[in-house]
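# Examination of the molecular architecture
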Amino acid sequence: MIANTFIKRPVTAIVISIVLLLVGTISIFNLSVGQYPEITPPIVQVTGAYTGADAATVEQTMATPVETQINGSPGMEYLASNSTNNGALTINATFNIGTNINIATLDVQNRVSIATPQLPDVVKRLGLTVRKRNPSILMLCAIYAPKGSHNVTFLDNYTNIFVRDALLRVDGVGDIFTRADDFSMRIWLNPDKLASYNLTATDVIAALNEQNVQVAAGSVGTPPQQDAQTFEYSILVNGRLSQASEFDKVILKSNPVTGSIVYLKDVGRAELGKFSYASNSFVDGKRASYLLIYQAPGSNALATAEG
């Protein structure tokens, strides 16, 4: 029946064929083509740290509450976590291929926020980081001083402040895992001297928390002061300690009767060093700072490496 219609009306058949040809030609140039389709499942990673805790404590106090909330996210295929003895936690939530990674990341972030009140106070202060990234490392960047002009402590701090932030702004970079440590004020205590003054490490921590604080000192001359006060002055006080010599003068114990005072320098020493001494990286036998660069889902690996 349809064939007879087109046979008897050749003009109509020609017009319809031309319209189909034009529509097909226009569609060719507007169809999205997946030249490099996604073959690896997208991953959302959650990282956190519990300073001073062992792997079992991290697993019980951090991993379990977070995993309980993340488990069951829409499109999630499986969940894997890793707790280490240096207090670090890494949770990888793997989603099905084709899942919108942006929506999945937002969903995981919301679920982590639900678990946050159950975490220890130290962990809540540091916070948990949620990022989307590919599971494999794209490239490794090592920074070192070939002539030994700078030590590894300086290189680590420089890498984290300047190099890492610059690389994170490159298109296609999903995340950067740094093997470099920031500067940290290290307090080394002598157990024998602590015992001689009847002090413990807890007493030292309490003194540091009490005397190393940033406070709002207010101002002078603000209402409801007398109208005769012409100027208003903000009060600036010494807040957090920044020099090792300032930490040495922290008062640990005092005796009002004898007037004796025990300072931090009497039981130990303070120095500006690395945050952690657990990792040692080398290039050609010289200490180096390493950055592990991960590709963002959906980005071009060659273009990212070029950037």
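Residue indices follow the written sequence of each chain, beginning from 1 at its first position. This being a predicted model, a pLDDT of at least 70 is required before a residue's local features are given, and a value of 80 or more before pairs of side-chain atoms are given or counted; all residues contribute to the totals for chains, interfaces and linings. Where side-chain values are given, they derive from all heavy atoms of the structure, hydrogens and water being excluded.

Further remarks concern the nonpolar core. Across soluble globular proteins, you tend to see nonpolar side chains buried next to one another. Formed by 23 residues in total, the largest nonpolar core has its most connected members in Val-46, Val-66, Ile-70, Val-108, Val-112 and Leu-128. Every helix listed is a DSSP run of H or I at least four residues long, and every strand listed is a run of E at least two residues long, numbered separately from the N terminus. Listing elements by their share of this core, those giving two or more residues are strand E1 (43-49), helix H3 (55-70), strand E3 (88-95) and helix H4 (101-115). Should any heavy atoms of two residues lie within 4.5 Å, those residues are counted as being in contact. What Val-112 contacts, discounting residues up to four positions off in sequence, is Val-46, Val-66, Ile-70, Leu-128 and Val-130. With 12 residues, the next largest nonpolar core counts Val-204, Leu-208, Phe-247 and Ala-270 among its residues. Joining through side-chain atoms within 4.5 Å is the link that ties buried Ala, Val, Leu, Ile, Met, Phe, Trp, Tyr and Cys residues into a set, and such a set is a nonpolar core. Using a 1.4 Å probe on the protein chains alone, a residue whose accessible area is under 20% of its type maximum counts as buried, one over 50% counts as exposed, and one in between counts as partly exposed.

This part takes up the environment of Phe-95. Tracing the backbone through its elements, the reader meets Phe-95 in strand E3. Note on Phe-95: relative accessible area 0%, which makes it buried. Expressed as a C-alpha distance, the spacing of Phe-95 and Met-76, which sit 19 residues apart in the sequence, is 4.1 Å. When neighbours within four sequence positions are excluded, Phe-95 is seen to be in contact with Pro-41, Pro-42, Val-44, Ser-73, Pro-74, Gly-75, Met-76, Glu-77, Ala-104 and Val-108.

Another point: the pattern of salt bridges. Take a side-chain nitrogen of Lys or Arg and a carboxyl oxygen of Asp or Glu: if they are within 4 Å of each other, that pair is a salt bridge. A complete count under the given rule lists 6 salt bridges for this structure. Linking Asp-107 and Arg-111 is a salt bridge whose minimum nitrogen-to-oxygen distance equals 3.4 Å. One end of the pair is Asp-107 and the other is Arg-111, both in helix H4 and 4 residues apart, which spans about a single turn. Residues Lys-274 and Asp-156 are paired through a salt bridge, measuring 3.3 Å at the closest nitrogen-oxygen approach. With Lys-274 in strand E12 (residues 268-274) and Asp-156 in helix H6 (residues 152-168), this pair connects stretches of sequence that are 118 residues apart. Here Lys-274 falls in the buried class, since its relative accessible area comes to 3%. Each of Asp-156, Asp-181 and Lys-274 takes part in one network of salt bridges that share partners.

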